[in-house]
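Listed here are the chains, written in short residue letters.
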Amino acid sequence: MENKQGEMEEYEKLIEISPPWYVSNIKVSREVNFGIPKFEVSITNDKESNCFTMKGANDLDIIPAIYQSERVVISKELGCFREFGSIRVECFDDGDYSEYWCDHFENA
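These figures come from a predicted structure and were not determined experimentally.

Asker: Explain a negative patch on the surface here, please?
Answerer: A contiguous patch of negative charge on the surface is contributed by Glu70, Asp93, Asp94 and Asp96. Along the chain, Asp96 falls in strand β7 (residues 96–102). Taking the relative accessible area as the measure of exposure, Asp96 reaches 55% and is therefore exposed.

Asker: Is there a simple way to explain the nonpolar core in this structure?
Answerer: In summary, soluble globular proteins display a tendency toward joint burial of nonpolar side chains. Counting residues in hydrophobic clusters, the biggest one holds 21 residues, and the most contacted among them are Val41, Phe52, Met54, Ile62, Ile66, Ile74 and Val89. With near-sequence residues (within four places) excluded, Ile74 lies in contact with Glu12, Lys13, Leu14, Ile15, Phe52, Met54, Ile87, Arg88, Val89 and Phe105.

Asker: Looking at this structure, how should I read the pairing of strand β6 (residues 87–93)?
Answerer: The two faces of the sheet receive side chains in turn, since in a regular strand these alternate between them. Burial runs high along β6: five of the seven residues are buried. Relative to β6, strand β5 (residues 71–78) runs antiparallel, the two being bridged by six bridges. Looking at β6, one finds that Val73 is bridged to Glu90. Hairpin connection from β6 to β7: two residues lie between these consecutive antiparallel strands, with Asp94 at a positive phi of about 50 degrees.

Asker: Would you explain the environment of Leu14 in this entry?
Answerer: Inspection of the secondary structure assignment puts Leu14 in strand β1 (residues 10–17). Note on Leu14: relative accessible area 26%, which makes it partly exposed. Residues Leu14 and Ser75, spaced 61 residues apart in sequence, show a C-alpha to C-alpha distance of 5.1 Å. Setting aside anything within four residues of it in sequence, one finds Leu14 in contact with Ile74, Ser75, Lys76, Ile87 and Phe105.

Asker: Just to check I follow, could you spell out the sheet that holds strand β4 (residues 49–55) for this structure?
Answerer: Paired through backbone hydrogen bonds, the strands of a sheet run either parallel or antiparallel to each other. What the four strands build is an open sheet, ordered β2-β3-β4-β8; its pairing is antiparallel. Two strands in the sheet have a free side with no partner beyond their single neighbour: β2 (22–30) and β8 (104–107). Neighbouring strand axes in the sheet, compared pairwise and without regard to direction, differ in orientation by 20 degrees on average. As defined by bridge partners, β2 adjoins strand β3 (residues 37–44) across eight bridges and the pair is classed as antiparallel. When the bridges of β3 are listed, Ser29 appears paired with Lys38.

Asker: Even after reading the chapter, I still don't get unusual backbone geometry, so can you show me in this structure?
Answerer: A negative phi holds for most residues other than glycine; trans holds for most peptide bonds. Here Pro19 and Pro20 are connected by a cis peptide whose omega angle stands at 10 degrees. Within the element layout of this structure, Pro20 appears in the loop between β1 and β2. With a phi angle near 75 degrees, Asp46 is a residue other than glycine that sits in the positive phi range. By secondary structure assignment, the location of Asp46 is in the loop between β3 and β4. Positioned with a positive phi, Asp94 is a non-glycine residue whose angle comes to about 50 degrees. Relative to the assigned elements, Asp94 resides in the loop between β6 and β7.

Calculation criteria
- Residues numbered from 1 in each chain as written.
- Predicted model: local features only at pLDDT ≥ 70, side-chain atom pairs only at ≥ 80, totals over all residues.
- Heavy atoms only, no water.
- Patch = residues over 30% accessible without salt bridge, like charges linked within 9 Å, V, L, I, M, F, W, Y side chains within 5 Å.
- Areas by Shrake-Rupley, 256 points an atom, 1.4 Å probe, with all protein chains shown as cover.
- Salt bridge = Lys/Arg side-chain N within 4 Å of Asp/Glu carboxyl O.
- Lys, Arg positive; Asp, Glu negative; His and termini not counted.
- Charge placed at Lys NZ, Arg CZ, Asp CG, Glu CD.
- Helix = DSSP H or I, 4+ residues; strand = E, 2+ residues; numbered from the N terminus.
- Buried < 20%, exposed > 50% of the residue type's maximum accessible area, 1.4 Å probe, protein only.
- Core = buried A, V, L, I, M, F, W, Y, C linked by side-chain atoms within 4.5 Å.
- Contact = heavy atoms within 4.5 Å.
- Pairing = 2+ DSSP bridges.
- Axes fitted to C-alpha atoms, helices over the stretch in contact; angles between N-to-C directions.

Shown next, in the form of structure tokens:
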């Protein structure tokens, strides 16, 4: 993908959720009233499980998108000088594609 200056944007894949892995649970919380939402996502493949957290989503539609998507790819934009919004969340489901951005990603 090219940015506005015509340079290629690069991403580091942080996690990919695709069969046999699936999202088993999403917990949403806020630390203060009207604060930034924090998402704790649990994934499993029926033999083992993993968990990660994300903060500062640009759109709360990210919750059902992650939960319902067939495949989710979460990447960090490299060479980005923005303090916020450098985590890309791509959701693929039956030919549909949606993209969201978050401020922070962390494996639990």
